[in-house]
Amino acid sequence: MKNISVIGSTGSIGRQALEVIRRYPDRFRAVALCANESADLLAVQANEFGPEFAVLRSADKKISVAGVRFACGEEGFEEACAYPSADIVLVAVSGFAGLKAALCALAAGKDVALANKESLVVGGDLVLSLAAQKGANVLPVDSEHSAIWQCLHFDRHAPFSRILLTASGGALRDVPIEKLPFVTAKEALAHPNWKMGAKITIDCATMLNKGFEVMEAMHLYGADLSRIKVLVHRESIVHSMVEFADGAVLAQMGVPSMELPIQLAFTYPERLSCALPPVDFAKLGALHFEEVDKGRYPCFSLALACAEKGGTYPCILNAAGEIAVQAFLRGQIKYTQIAEIIESTLSQPLQGGTDSYAALAETDALARARAQTIVKEVIA
Ligand code: MG
């Protein structure tokens with residue numbers, strides 16, 4: 001029996017993780033559930049899964065479920081992340097908040113199933129050095145990074161020559177570039193292949209997400225930028241590939257679903273039935289791979305520049321992205337202004353550091369404040 005603490009249980013990944021736990025009740029148990037503010041759904045989940053501990057991170061709401069200890073606020077969040085009886089902590093919160101969750105879990109020596117990519121983007125060195133120091137595993141849940149992990153036989157340190165990271169191109173891949181300033185949030189949220197949360201779906205449309213995933217792969221697999229090649233692959237069947245010294249390329253394929261990478265992080269090296277339909281290759285016909293059109297995806301180029309520069313740049317990029325996407329989802333700015341706001345936030349030097357959580361939190365806060373100011377100027 002593996003005990004799992006689910007951080008972000010009411011989000012898209014968290015709900016699919018509970019689906020896996022529901023499928024294999026004799027193997028997995030949700031010992032702690034933590035949500036941000038979805039009190040009603042957390043109560044439903046606590047009723048069904050009977051965890052020892054349930055937490056709402058936002059301090060102004062409460063739930064009451066018989067037999068379940070409840071806490072709210074930051075202390076409860078930290079306790080759930082480092083929950084004593086957990087074997088694996090699934091970090092499935094989105095954005096900068098994932099960094100604290102991952103660091104809390106690793107500091108307690110817990111294996112972390114990491115669905116939150118931002119923690120590696122902003123604090124990859126910190127996260128992975130803490131994992132090494134504590135002898136804890138970081139298990140990739142992002143589908144591309146799970147694919148790479150599978151191609152490397154679950155060994156993040158295995159040698160390879162290149163990573164071929166695939167991207168769908170997002171919801172707006174066929175919209176003429178000159179029409180991009182006029183697309184609505186609803187259009188940008190209509191992802192052709194994947195069902196995910198709002199922030200990441202917009203990041204797929206801009207390919208900021210793929211830029212983050214390049215940095216995530218650099219950290220997880222010790223690769224520099226020159227060894228990671230991004231390819232647009234419209235069908236989202238090849239979840240990524242690894243090329244080896246002899247020229248052999250291994251790909252992991254499957255229907256687009258997060259359930260497999262989530263379940264595999266819990267069961268590896270074992271594979272169990274995942275209740276997903278098989279890929280029907282004959283029906284699918286051709287698989288396509290293309291270069292990234294840099295003119296269509298300026299956020300991707302900004303992210304690669306930040307990956308190259310390192311330091312505080314990835315943290316500033318992430319913060320600016322969160323603010324800009326939020327403004328777009330609220331209808332305050334145009335789609336194409338997301339990239340403009342990020343670029344403008346990155347353009348001036350900023351105080352702050354990267355060598356501790358506190359330093360990163362300061363950098364994040366400064367970058368957010370600057371990005372907010374730029375958003376206000378843009379909408380004024
Ligand atoms: Mg991904």
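Owing to the predicted nature of the structure, the values given are computational and were not obtained by experimental measurement. (Residues numbered from 1 in each chain as written. Predicted model: local features only at pLDDT ≥ 70, side-chain atom pairs only at ≥ 80, totals over all residues. Heavy atoms only, no water.)

**Student:** So what's going on with the overall build of the protein chain? Residues and values would help.
**Tutor:** From N to C terminus, the protein chain includes 15 helices and 11 strands. Taken against the 2.2 N^0.38 rule, which gives 21 Å for 380 residues, the C-alpha radius of gyration of the protein chain at 20 Å falls within 12% of a compact globule. Expressed as lengths along the three principal axes of its C-alpha atoms, the size of the protein chain is roughly 55 × 50 × 40 Å. The buried share of the protein chain, taken over its 380 residues, is 56%. Across the protein chain, the fraction of contacts at a sequence separation of at least 24, relative to all contacts at a separation of at least 6, is 65%. Element-wise, carbon and sulfur atoms account for 53% of the exposed surface of the protein chain, whose accessible area totals about 15700 Å². Treating the 35 positive side-chain charges of the protein chain as one cloud and the 42 negative ones as another, the clouds have centres 3 Å apart. (Helix = DSSP H or I, 4+ residues; strand = E, 2+ residues; numbered from the N terminus. Rg over C-alpha atoms; globule rule 2.2 N^0.38 Å. Buried < 20%, exposed > 50% of the residue type's maximum accessible area, 1.4 Å probe, protein only. Contact = heavy atoms within 4.5 Å. Areas by Shrake-Rupley, 256 points an atom, 1.4 Å probe, with all protein chains shown as cover. Lys, Arg positive; Asp, Glu negative; His and termini not counted. Charge placed at Lys NZ, Arg CZ, Asp CG, Glu CD.)

**Student:** Can you lay out the coordination of the magnesium ion for me, pointing to particular residues and giving the numbers?
**Tutor:** At the metal site, the magnesium ion is ligated by Asp142 (OD), Glu144 (OE) and Glu213 (OE), and these contacts range over 2.1 to 2.2 Å. In the primary sequence, the donor residues of the magnesium ion line up as D-x1-E-x68-E. (Donors = N, O, S within 2.8 Å, 3.2 Å for Na, K, Ca; no water.)

**Student:** Mind laying out the pattern of salt bridges, listing which residues take part and the relevant values?
**Tutor:** One pass over the full model with this rule turns up 19 salt bridges. A salt bridge links glutamate 19 to arginine 22; the nearest nitrogen and oxygen atoms lie 2.9 Å apart. Placement of the pair is glutamate 19 and arginine 22 together in helix α1 (residues 12–23), with a separation of three residues, close to one helical turn. When its relative accessible area of 31% is taken as the criterion, glutamate 19 is described as partly exposed. Two residues, lysine 210 and glutamate 213, come together in a salt bridge whose shortest N-O distance is 2.6 Å. Placement of both lysine 210 and glutamate 213 in helix α9 (residues 208–221) is noted, with a separation of three residues, approximately one turn of the helix. With respect to class, lysine 210 is no different from glutamate 213; both count as buried. (Salt bridge = Lys/Arg side-chain N within 4 Å of Asp/Glu carboxyl O.)

**Student:** Got a sec to walk through α9? Specific residues and values, please.
**Tutor:** With 14 residues, α9 extends 20 Å between its outermost C-alpha atoms, agreeing within 8% with the 20 Å of an ideal straight helix rising 1.5 Å per residue. The buried fraction of α9 is high, at 13 of 14 residues. Directly after α9, the chain includes glycine 222, whose backbone phi takes a positive value near 60°. (Expected span 1.5 Å × (residues − 1).)

**Student:** Could you give me a rundown of helix α6 (residues 143–151), with the residues and numbers involved?
**Tutor:** For α6, a buried count of nine out of nine residues is recorded, marking the element as mostly surrounded by other parts of the structure. For α6, the elements touching its buried residues are β7 (138–140), β8 (162–167), α9, β10 (238–243), β11 (249–253) and α10 (259–267). Histidine 153, located one to two residues past α6, shows a positive phi value of around 55°.

**Student:** Can you break down a nonpolar patch on the surface residue by residue, with the values?
**Tutor:** Judged by side-chain polarity, Met253, Phe281 and Leu284 come together as a nonpolar surface patch covering roughly 250 Å² of accessible area. Taking the relative accessible area as the measure of exposure, leucine 284 reaches 30% and is therefore partly exposed. (Patch = residues over 30% accessible without salt bridge, like charges linked within 9 Å, V, L, I, M, F, W, Y side chains within 5 Å.)

**Student:** Give me the lowdown on the nonpolar core, citing residues and values where you can.
**Tutor:** Formed by 133 residues in total, the largest nonpolar core has its most connected members in Phe266, Leu317, Ile338 and Ile342. Here this core takes 10 residues from helix α13 (residues 313–329), the largest share from any one element. Apart from the residues within four sequence positions on either side, phenylalanine 266 is in contact with Lys2, Ile4, Ala17, Val20, Ile21, Phe28, Ile88, Leu90 and Ala113. (Core = buried A, V, L, I, M, F, W, Y, C linked by side-chain atoms within 4.5 Å.)

**Student:** Run through the sheet that holds strand β9 (residues 228–232), naming residues and quoting values.
**Tutor:** One open sheet holds the four strands; their spatial order is β9-β8-β10-β11, and the pairing between them is mixed. Two strands in the sheet have a free side with no partner beyond their single neighbour: β9 and β11. Along the sheet, successive strands turn relative to each other by an average axial angle of 20°, direction set aside. Across five bridges, β10 lies against β11 in antiparallel orientation. Residue pairing for β11: valine 242 is matched across the bridge by leucine 250. Sheet strands in contact with α6 are β8, β10 and β11, and its direction is about 40° off that of β10. (Pairing = 2+ DSSP bridges. Axes fitted to C-alpha atoms, helices over the stretch in contact; angles between N-to-C directions.)

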